[in-house]
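Tertiary structure, described
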Amino acid sequence: MDIQTTKQIRIADYLHSLGYSPVKQQGINLWYKSPLREETEASFKVNTERNQWYDFALGKGGNIIALAQELYCSNHVPYLLQRIEEQTPHIRPDSFSFGKQSSSEPRFQQLEIVPLSSPALLSYLQGRGINLELAKRECREARYTHNGKRYFAIAFPNGSGGFEVRNPYFKGCIAPKEISHIRQAGKARTTCYVFEGFMDYLSFLTLRQESCPNYPELDGQDYIVLNSVSNVSKALYPLGSYERIHCFFDNDRAGMEALRQIRMEYGRDLYIRDASQTYSGCKDLNEYLQKQAERNRQIQSVRKTHTQPPKKKNGFRL
């Protein structure tokens, strides 16, 4: 996706894909609680005619690329275009008239949240190397209607009653957007593992289960899933109650910036580990998991070949 095509994507649609909905509409202006910081009153404006945004508290604004620059803490335009394209595969560039916006209608109509059971979704998770029993335990299934058509997606709950939703063709959020804080029962844990998205969280659980099938100790620590690096500020307060923080972020600029923010907040007081070094050379933990799974399949294939009895020819073994 090039710069001009990206600029034609409605900012309101882009925000909707991230899980943000307008608090009110005043003519051609939509007002949001800022996606860039915590606030109680909506001071983030989107002009749907100009397709421009402005955050009154920060004194910043601009087009969709300028917004991605703030969200992902990067000035590298190719990287920003890639992140926008990954987030908006279902959004088509169109005119900027609010009256024509599909996002002005509820995206998730006739919504049902049920146990995760769809064969297509389970196959998708299996293709990404995820342990299905762990996925069923941690996730739900969202079934909904959009534009008269029925869809379903994996639904990962957050701390405010919303869900991160994903299927092979769509990545979004059922508002409100929030982090997911998984606390273990019983005695308070002193360590927290932090992930950008729930697919990386499921990847960690899968890897730990495979490496230690008898004693995986999945409940030995708490977990926080940011559900977007733009949510790192929301995780700072709950992270203050731990002694040790392990960050499993993507190996990119946004991941490095999220780690930097946590270290700026607690680097002098807490032990903070950059766990991304464990999967250096991979984009994220899920890519590492998939490569490990492929490597194991190749090893098993070689072993199977060497253990097969030799073929017969004319009644004799070769």
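All of the points below concern the structure found in this document. (Residues numbered from 1 in each chain as written. Predicted model: local features only at pLDDT ≥ 70, side-chain atom pairs only at ≥ 80, totals over all residues. Heavy atoms only, no water.)

A word on the packing of aromatic side chains
What counts here: Each Phe, Tyr or Trp ring, with Trp reduced to its six-membered ring, pairs with another whose centre is within 6.5 Å; inter-plane angles below 30 degrees give stacked pairs, above 60 give edge-to-face pairs, and intermediate values give tilted ones. The secondary structure listing takes helices from DSSP runs of H or I that are at least 4 residues long and strands from runs of E that are at least 2 residues long, numbered from the N terminus. Using a 1.4 Å probe on the protein chains alone, a residue whose accessible area is under 20% of its type maximum counts as buried, one over 50% counts as exposed, and one in between counts as partly exposed. Each ring is checked for a lysine NZ or an arginine CZ that lies within 6 Å of its centre and within 35 degrees of its normal; such an atom marks a charge sitting over the ring.
Counted by the stated rule, this structure contains 19 aromatic pairs. Between tyrosine 193 and phenylalanine 248 the ring centres are 5.4 Å apart and the planes differ by 50°, which places this aromatic pair in the tilted class. Here tyrosine 193, found in strand β12 (residues 191-195), pairs with phenylalanine 248, found in strand β14 (residues 244-248); they are 55 residues apart in sequence, far enough to count as distant. For tyrosine 193, a relative accessible area of 10% puts it in the buried group. Residue phenylalanine 248 is classed as buried on the basis of its relative accessible area, which comes to 6%. Aromatic ring contacts, followed pair by pair, group Phe156, Tyr193, Phe195, Phe198, Tyr201, Phe204, Tyr223 and Phe248 into a single cluster. Above the plane of the ring of phenylalanine 198 lies arginine 166, whose end atom (NZ or CZ) is 5.6 Å from the centre.

A closer look at helix α5 (residues 119-127)
For the record, the criterion: This arc corresponds to the set of directions leading from the helix axis out to the C-beta atoms. Whether two residues are in contact is decided by their heavy atoms, any of which lying within 4.5 Å being enough.
Where α5 is concerned, the buried positions are Leu121, Leu122, Tyr124 and Leu125. Projected onto a plane normal to the axis of α5, the buried residues spread over an arc of 155° and lie on a single side. Counted as exposed and oriented over 90 degrees from the buried face of α5: Pro119, Gln126 and Gly127. Tucked inside the fold, the buried residues of α5 contact α6 (132-138), β7 (140-146), β8 (149-157), β9 (163-167) and α7 (198-211).

Quick notes on the pattern of salt bridges
Convention followed: Salt bridge criterion: a side-chain nitrogen from Lys or Arg within 4 Å of a carboxyl oxygen from Asp or Glu.
As enumerated under the stated definition, the model contains 15 salt bridges in all. For arginine 150, the salt bridge goes to glutamate 112, with nearest N and O atoms at 2.7 Å. On the criterion of sequence distance, the pair formed by arginine 150 in strand β8 and glutamate 112 in strand β6 (residues 109-115) is long-range, its members being 38 residues apart. Overall, the relative accessible area of 39% leaves glutamate 112 in the partly exposed class. For glutamate 287, the salt bridge identified is with lysine 291, shortest N-O distance 3.5 Å. Linking glutamate 287 with lysine 291, this pair stays in helix α10 (residues 285-307), spanning 4 residues, or about one helical turn. A relative accessible area of 26% places glutamate 287 in the partly exposed class. According to the relative accessible area criterion, lysine 291 is partly exposed, its value standing at 46%. Here the salt bridges do not stand alone but share partners, grouping Arg83, Glu86 and Asp252 into one network.

Let's talk about the packing of helix α8 (residues 232-239) against helix α9 (residues 253-266)
Our working rule: Between the N-to-C directions of two axes lies an angle of 0 to 180 degrees, each axis being a line fitted to C-alpha atoms and, for a helix, fitted only over the stretch in contact. Each crossing gets its handedness from the near helix: less than a right angle anticlockwise from the far helix is left-handed, clockwise is right-handed. Here the nonpolar group is Ala, Val, Leu, Ile, Met, Phe, Trp, Tyr, Cys and Pro; Asp, Glu, Lys and Arg are the charged ones; every other residue, Gly included, is treated as polar.
Two elements in contact, α8 and α9, have axes whose closest approach is 10 Å; the angle formed by their N-to-C orientations is 35°. For the pair α8 and α9, the sense of crossing is right-handed. When α8 is examined against α9, the residues Val232, Leu236, Tyr237 and Leu239 are found in contact with a partner set consisting of Ala258, Gln261, Ile262, Glu265 and Tyr266. Classifying every residue of the contact of α8 with α9 by side-chain character gives 7 nonpolar, 1 polar and 1 charged.

Here's the deal with the layout of surface pockets
As a reminder of what qualifies: Within this scheme a cavity is a closed region of a 1 Å grid, computed over the protein atoms alone, that accommodates a 1.4 Å probe without allowing it to escape, whereas a pocket is open but has protein on both sides within 12 Å along at least five of seven lines; lining residues each have an atom within 4 Å of a point. Grid points are joined across faces, edges and corners, and a volume is the space filled by probe spheres set on the points.
Estimates place the volume of the largest pocket at around 710 Å³. In terms of lining, the largest pocket is formed by 34 residues, of which the most central are Arg83, Glu86, Gln87, Arg166 and Lys171. Of all elements in the fold, only α4 (77-87), β9, β10 (170-174), α7 and α10 reach the threshold of two or more residues within the lining of the largest pocket.

As for unusual backbone geometry
At the junction of alanine 175 and proline 176, the peptide bond is cis and its omega measures out at 10° in the coordinates. Its place among the elements puts proline 176 in the loop between β10 and β11 (180-182). One non-glycine residue, glutamate 217, lies in the positive phi region at around 50°. Turning to its location among the elements, glutamate 217 is positioned in the loop between α7 and β13 (222-225). For glutamate 217, a relative accessible area of 56% puts it in the exposed group. The backbone of asparagine 227 sits at a positive phi, close to 65°, despite the residue not being glycine. Residue classification places asparagine 227 among the buried residues on the basis of a relative accessible area of 7%.

Some points on the sheet that holds β8
Going by this rule: In this analysis, strands are considered paired if DSSP registers two or more bridges between them.
An order of β6-β7-β8-β9-β10 is seen for the 5 strands of this open sheet, with the pairing classed as antiparallel. Edge strands, defined here as strands with exactly one partner in the open sheet, are β6 and β10. With direction set aside, neighbouring strand axes in the sheet form an average angle of 30°.

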